[in-house]
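In case you want the letters, here they are:
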Amino acid sequence: MLNVAVGDVIEGKVADFASEGEGIVKIGSYAVFVPFAIKGETVRARIRFAKKDYAFAELVEVVEPSPDRVKPRCTYFGRCGGCDLQHVTRELQLEIKKSSVENALRKIGGIDVKVDDVVRLNDWEYRNKIALPFAYKSKSGRVSLGFYEKKTHTVVPMKWCPLHGEWAATLIQDVTEWANNEKISVYEETSGKGLLRHVVARKLDTLTVTLVVNGSRVPKLEVLARKLEEDFGTVTIFISENVKNTNVIFGDSAKLVWGREQKQNLGAYEAVVSPLSFLQVNDEVRDAIYDKVCAFLSDFDGDIVELYSGVGLLTAQIAKRLENAKITAVEIVPDATKNANALMQSLHISDRVTNVCADAVEYVASLAVTNENTNEENVEVDLPDEIVNSPFYLGEVSEKKKKETKALALVLDPPRKGCDKRVLDAVNDANFERIAYISCNPQTLARDLKILSEKYAVESVTPFDMFPQTSNVETLATLKRK
């Protein structure tokens, strides 16, 4: 056993990248994970956490740098936890992401399939949403906004972010100046006191701002609203009350307190987007993924089922792109289903989209039972005249004949944790002909595809660079029934 202790400084060559972009230094079979180290480099690193088979370390010195090392664009890089690959060329970033998908499919899923090159559409200023915690600066005591340092709750104060446009810098300045000038208190986790917790903003056609607060009202809100309108034009402001001691950002609801909700351009259609609704942060990549999903389903002569459909944003994208598609969208949250119904009505596609409020497991299991019970029917049999005219003939007889059922395709876009195994088992039993699976986590995608591959063949795997400058990658897998 290798004797490595916290505080030790080791030196070695970086053998590979880990799933979150760290470099891996091998000392025999012992693995040391070093953030900001690049494959091929020789580095010195200080051990911060050690276990029997592996350790985590901080980079002390790059002894022999890689030709793929570049100067980070962001002044906060290395302290802020938002990015982890700004020090790497974009070309190598794409290789890292493709490898992470390939390795997960092979090692976790046991799946041998060609992975497409990563689709790259933008590099900077691509995020349409920002979520920043409030904090007090340690020296001045002034209110600041920033991102958490990675794997901590220490806020790194910041004035801008290169992953967002200039709008984010203006927002940060307006909000912090308002909080300081009006002496609005900031929530502190240790005491549970203070008002301002997070500001969450989305910039599409117009700006939507949500103040997450430890209370029910925000003083001097009009001062902030007027300043934001001066800089952004149309602004909508919500308040989300969150008085719980939790890491979850939002409270249970968001209350409109300024302006009115505006329709936003979402690619295939325009719609109001609630602050609590999930929406991909990269508009260009979002549209590219949906285009590929619809291309996969464009020649499919059947109905489409979507699970984990939420408020129907993806459902509507498919329905608007595939004008003849009939879709059943399944979501367990009643309010989300209600909002989805309103969206389909506003887009005039309610005749082709049915929103069902149900548990995904139970709904797919019902499809499996339906297939089993309706694959045969009684039909009249044509009999010879000598039988029909016989005095012993007792009337009509029937035989079992296979009944044709409508072909079904499935769209899955689950959260990062992937699909419930019970859902996947039900999908295997339900006899879908095609599956499009959108994932933001290669590990859970590989785990789920391993289960689905019992009945389905993986046709294609395409990674998309939804999150440039980070180790995260979005992936679309398409499958067909074996």
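Keep in mind that this is a model prediction, so the values were computed, not measured.

Trainee: Any details on the environment of L322? Residues and values, ideally.
Mentor: Mapped onto the elements, L322 comes out in the loop between α5 (313-321) and β16 (327-331). As a C-alpha pair, L322 and C294 span 28 residues in sequence and 6.7 Å in three-dimensional space. The contacts of L322, once residues within four sequence positions are left out, are C294, L297, S298, I304 and R352.

Trainee: An account of the packing of aromatic side chains is requested, with residue identities and associated values reported.
Mentor: Considering all chains together, one arrives at 5 aromatic pairs under this definition. With centroids separated by 6.3 Å and ring planes inclined at 40 degrees, the aromatic side chains of F49 and F56 adopt a geometry described as tilted. A connected cluster of aromatic rings, assembled from ring pairs, spans F33, F49, Y54 and F56. We note R197 situated over the ring of Y187; from NZ or CZ to the ring centre the distance is 4.0 Å. The ring of F296 has R434 sitting right over it, with the charged end atom 5.5 Å from the ring centre.

Trainee: Explain helix α2 (residues 166-181) to me, and be specific about the residues and the numbers.
Mentor: Under the 1.5 Å per step criterion, the end-to-end length of α2 is 23 Å for 16 residues, consistent within 8% with the ideal 22 Å. Summarising the contacts, the buried residues of α2 are in contact with β6 (129-136), β7 (143-148), β9 (196-203), β10 (207-213) and α3 (221-232). Of the residues flanking the end of α2, it is K183, one or two places downstream, whose phi is positive at about 55 degrees.

Trainee: Talk me through the sheet that holds strand β8 (residues 155-157); I want residue IDs and the actual numbers.
Mentor: Pairing in this open sheet of 7 strands is mixed, and the strands run β8-β7-β6-β9-β10-β11-β12 from one edge to the other. Strands at the two margins of the open sheet, each flanked by one partner only, are β8 and β12 (255-258). Neighbour-to-neighbour, the strand axes of this sheet turn through a mean angle of 35 degrees, independent of strand direction. Strand direction decides the pairing type here: β10 and strand β11 (residues 235-241), joined by 7 bridges, are parallel. For T208, the partnering residue across the bridge sits in β11 and is T236. Where α2 meets the sheet, its contacts fall on β6, β7, β9 and β10, and the angle it forms with β7 comes to roughly 135 degrees.

Trainee: Kindly report on the pattern of salt bridges, identifying the contributing residues and their values.
Mentor: Across all of its chains, the model carries 26 salt bridges by this definition. One salt bridge in this structure joins R90 and D465, with 2.8 Å as the shortest N-O distance. A residue pair is termed long-range when its members are at least 10 positions apart, and R90 in helix α1 (residues 90-107) and D465 in the loop between β22 (456-464) and β23 (474-481) qualify at 375 residues. Each member of the pair R90 and D465 is classed as buried. A salt bridge links K421 to D425; the nearest nitrogen and oxygen atoms lie 2.8 Å apart. With a gap of 4 residues between them, K421 and D425 both fall in helix α9 (residues 421-430), about one helical turn apart.

Trainee: So what's going on with the nonpolar core? Residues and values would help.
Mentor: F134, L171, W178, L211, I304 and I318 are the most contacted members of the largest nonpolar core, which totals 81 residues. In this structure, I304 is in contact with L297, I318, L322, A325, K326, I327, T328, A409 and V411, ignoring residues within four places of it in sequence. Of all hydrophobic cores here, the second largest spans 38 residues; its members include V364, L408, C419 and L445.

Trainee: Any details on unusual backbone geometry? Residues and values, ideally.
Mentor: In this structure, Y308 takes a positive phi of about 60 degrees despite not being glycine. As for its placement among the helices and strands, Y308 is situated in the loop between β15 (303-307) and α5. Of the residues examined, Y308 reaches a relative accessible area of 27% and is grouped as partly exposed. For Q469, which is not a glycine, the phi torsion comes out positive at approximately 75 degrees. As for its position among the elements, Q469 is in the loop between β22 and β23. Given a relative accessible area of 1%, Q469 falls into the buried group.

Definitions and limits used
- Residues numbered from 1 in each chain as written.
- Predicted model: local features only at pLDDT ≥ 70, side-chain atom pairs only at ≥ 80, totals over all residues.
- Heavy atoms only, no water.
- Helix = DSSP H or I, 4+ residues; strand = E, 2+ residues; numbered from the N terminus.
- Contact = heavy atoms within 4.5 Å.
- Phe/Tyr/Trp six-rings, centres within 6.5 Å; stacked < 30°, edge-to-face > 60°.
- Lys NZ or Arg CZ within 6 Å of the ring centre and 35° of its normal.
- Expected span 1.5 Å × (residues − 1).
- Pairing = 2+ DSSP bridges.
- Axes fitted to C-alpha atoms, helices over the stretch in contact; angles between N-to-C directions.
- Salt bridge = Lys/Arg side-chain N within 4 Å of Asp/Glu carboxyl O.
- Buried < 20%, exposed > 50% of the residue type's maximum accessible area, 1.4 Å probe, protein only.
- Core = buried A, V, L, I, M, F, W, Y, C linked by side-chain atoms within 4.5 Å.

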